[in-house]
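Listed below are the residues making up each chain.
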Amino acid sequence: MLTELEALGWGTDFERDYQAYLGALTPEEQALVQPVRVTGTGRQSVQVRGAQGEEEVQLAGALRQAQVTPAIGDWAVRQDTGAGPGRLVHVLPRRTTFSRAVGADDGRRAQAARQQIIAANVDVVLIVTTPDADFDAERLTRYVQAVEVSGARPVLVLNKADLHADVTWYLEQLRAVGPDLELHAVSAAAGAGLEGLRALLTGGVTLALIGSSGVGKSTLTNALLEGDVALTGAVRSTDGQGRHTTTTRTLYRVPGGGLLIDNPGLRDIAVWDSASVHFDDLEELATQCRFRKCTHTTEPGCAVQAAVRAGEIPTSRLAAFQAQARKRR
Ligand SMILES: Nc1nc2c(ncn2[C@@H]2O[C@H](COP(=O)(O)OP(=O)(O)OP(=O)(O)O)[C@@H](O)[C@H]2O)c(=O)[nH]1
Ligand SMILES: [Zn+2]
């Protein structure tokens, strides 16, 4: 049996970072905090879920000052405030991130450009396509690369398989896109082939869907969630000062297990900028390399190479990390 936190995607990596955070607190302070996952985001507040259930919380002043913006899927630290809703005091390092540059072309200083995280800690991304005029193997290859760079695992899904008696040609094309990738042919509308996708959602796996408009992402989401959600659930509530607030919940628990993020920004893969990915996990690992200026190529005692060899980090993600580091030098 999974604990409530594990069912939300909690694991040893987050536990380690959380313990490190606790280490800097007094025992009195430690007693006031719990880990929570961000399930919805709004202008002034975020929706979180932890062992105690779901709640809307405010950001601590220190987080605002540091311009830390919790993203959907983030693991964060909630602190009791004594009365009323809690507040978020810390965001744990992200394992995977999808981000895009914002503010770069709004006519103001280029330095004002910053990264907006679209989603954090996604484990598996379904790249959805259809056996029709939308099918484009080259575009699918770019999707696969973008997903690998984020640190998540891409899975190919041919939806609307019911459109043809025989989809063999499409499946062959998809196999060529990623010979090692898991591949599923489904019909979301007919509910066919969904067992294979449900099998991906064991434990606390977090899934997201991408693909062009009209390939059936909403239909697939509804099928996986068994119509169990008020889709694009706007959560209206009243904060500690009696103000009305709205957060948009986009991380859902799937009835049979696992979690699903359905986020408009994530759908719009056209705006993804792989040069702007964050590498919190790799930067943290690099602090354990024997040499401070390790390039993570052939140095002995390289913690990053060790993680790649252990299969914890995809090679493509390390390559993207090194390319970004070269640009900075
Ligand atoms: N034949 C067939 N049609 C499907 C299937 N799944 C979805 N559709 C239809 O395809 C159309 C688009 O489906 P959506 O789920 O809205 O697609 P989407 O990817 O969410 O589109 P956006 O919201 O624009 O990104 C709808 O008319 C669905 O009924 C399927 O398995 N077979
Ligand atoms: Zn190294």
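Residues numbered from 1 in each chain as written. Chains lettered and ligands numbered in written order. Predicted model: local features only at pLDDT ≥ 70, side-chain atom pairs only at ≥ 80, totals over all residues.

So, on to the packing of helix α5 (residues 137-150) against helix α6 (residues 168-177). Where α5 meets α6, the axes come as close as 10 Å, and the angle between the chain directions of the two elements is 40 degrees. Viewed along their axes, α5 and α6 adopt a mutual orientation that is oblique. α6 is crossed by α5, and the crossing has right-handed handedness. Residues Ala 137, Leu 140, Thr 141 and Val 144 of α5 form the contact with α6, whose participating residues are Gln 173, Ala 176 and Val 177. Among the residues forming the contact of α5 with α6, the class breakdown is 5 nonpolar, 2 polar and no charged. (Axes fitted to C-alpha atoms, helices over the stretch in contact; angles between N-to-C directions. Helix = DSSP H or I, 4+ residues; strand = E, 2+ residues; numbered from the N terminus. Parallel < 35°, antiparallel > 145°, perpendicular 65-115°, else oblique. Left-handed = near helix turned anticlockwise from the far one by under 90°. Contact = placed C-beta atoms within 7 Å. Nonpolar A, V, L, I, M, F, W, Y, C, P; charged D, E, K, R; others polar.)

Our focus in this paragraph is the domain arrangement of the protein chain. For the protein chain, the domain assignment lists domain 1 (4-91), domain 2 (118-273) and domain 3 (279-328). Taking only C-alpha atoms, the centre of domain 1 and the centre of domain 3 are 28 Å apart. (Domains from an automatic or database assignment.)

On to the nonpolar core. Membership of the largest hydrophobic core comes to 70 residues, with the highest contact counts inside it found for Ala 76, Ala 119, Val 125 and Ile 127. Once residues lying within four places of it in the same chain are set aside, the contact partners of Ala 76 are Val 36, Val 38, Val 48, Pro 70, Leu 88, His 90, Val 91 and Leu 92. (Core = buried A, V, L, I, M, F, W, Y, C linked by C-beta atoms within 7 Å. Buried ≥ 20, exposed ≤ 12 C-beta atoms within 10 Å, placed from the backbone.)

Let's shift gears to the pairing of strand β5 (residues 87-91). Burial analysis of β5 places 5 of its 5 residues in the buried class, the great majority of the element. As paired strands, strand β3 (residues 53-59) and β5 are joined by 2 bridges and run parallel to one another. In the strand pairing of β5, Leu 59 is matched with Leu 88. Inspection of the sheet shows strand β4 (residues 75-79) paired to β5 by 4 bridges, in the antiparallel sense. Among the inter-strand pairings, Arg 78 is bridged to a residue of β5, identified as Leu 88. (Pairing = 2+ DSSP bridges.)

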